[in-house]
Amino acid sequence: MNPLSRTSLALILPLSLCVSAQLSAANARDLQQNHAQLVAAPAWMSDKAEHIYGLPDVKSNKKGTLTLTTDALTFSGNSGTTSIPRGSVTAVSAGNQRVELWGIGGRILRMTIPDGGGLAAAAVMHHRVDMLTVEFTDPKGGDHGAVFFLPANEAERALQSFALRPVPARRSSETPCQNPQVEAGSVLVSAPNWDHAEVPAAYRALVYEHVIDRLRHTKNVGHIYRDGEVDGHDGCPQHTIRISIAKFKEGSSVKRAFLGPAGMFVGTTQMKFDVTFTDNSEKLDSSEQITATMRGESESTNVADQIAKHLAKHYATALRNSGKSDLAKNNGPTS
């Protein structure tokens, strides 16, 4: 080999190695960028979502964008952004209901149309919205449920995206408290028993969330433990509320619309629950049956809040009666 060839080879070899290293680095960067894009890309998104109830720190009936990625389910609105870690989601359900386009005004308008025209108008004055119900746990293990309204068919697509990854197993309810102290005024709200009726997931989530919120505004009620909550606050809950569905009948706004004025008395949503209030000392042991009937738009939300309102009222009464009983024992006749 002549000197020129040896010199050329000596120059070309380092250059080739340098180019190869640069190409490898560039390919690595491209792979990293592509991977980052795949991770960041939403598996599903709806920019016309409405939060009905259940997300912590988000007011009800707020509109925004609901996004599902490999890491989290995120709701973004004008008031801020809230995320649920994907691993905290325990169940997802899709359902739908029909709502009136013009609300109460539409019903009044139909009543004024002569010759049965209101019945014909009812057929076109409704549109379908989907409901997406997301059940999840907080960092303490407490159960939550959030409900969203979505455009028609969007909830089914969201459900398919969630199905790509199985949800973790749920903890057993009412985990025994290991803290020897009893936290005065606290109450554990057990997950309702839905075995005696077929109840859509949205109603189930809304009943539980409304009960929790109503109890927060009830006098003499301290910390409220959710089902599955394992981290003690300042001790174990003093009282326990157990809820069991006894009857459920879902209403139909379309049926009421077709029946005109008579529809105000039929096609209503009805719920009936058996409820018990207890404590470990057996000073409080009360059973009640609570019912609610609702007609009109947003039935799932309204009937759930009505049940919660009645339950909180009965619980407050049970606490007062228990206090009076203790006072009577303490002030009883002495010999």
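Q: Before we move on, can you summarise the sheet that holds strand β10 (residues 236-249) with the specific residues and values?
A: Judged by pairing direction, the sheet is mixed, and its five strands sit side by side in the order β9-β8-β10-β11-β12 without closing on themselves. What marks the edges here is a single partner per strand, and that holds for β9 (224-226) and β12 (285-294). In this sheet, neighbouring strand axes are inclined to one another by 25° on average, regardless of whether the strands run parallel or antiparallel. Two strands pair when backbone bridges link them, and strand β8 (residues 182-189) and β10 are joined in this way by five bridges, in the parallel orientation. Following the sheet pairing, Glu183 is matched in β10 by Pro237. Running at roughly 160° to β9, helix α5 (residues 201-216) makes contact with β8, β9, β10 and β11 (269-279) of the sheet.

Q: Kindly report on the pairing of strand β2 (residues 62-68), identifying the contributing residues and their values.
A: Direction of pairing for strand β1 (residues 44-53) relative to β2: antiparallel, over a ladder of six bridges. For Met45, the partnering residue across the bridge sits in β2 and is Thr67. Bridging between β2 and strand β3 (residues 72-77) involves five bridges; their strand directions are antiparallel. Its bridge partner being in β3, Thr67 is matched across the sheet by Thr74. Hairpin remark: β2 followed by β3, antiparallel, with three residues in the connecting loop.

Rules used in this analysis
Residues numbered from 1 in each chain as written. Predicted model: local features only at pLDDT ≥ 70, side-chain atom pairs only at ≥ 80, totals over all residues. Heavy atoms only, no water. Pairing = 2+ DSSP bridges. Helix = DSSP H or I, 4+ residues; strand = E, 2+ residues; numbered from the N terminus. Axes fitted to C-alpha atoms, helices over the stretch in contact; angles between N-to-C directions. Contact = heavy atoms within 4.5 Å.

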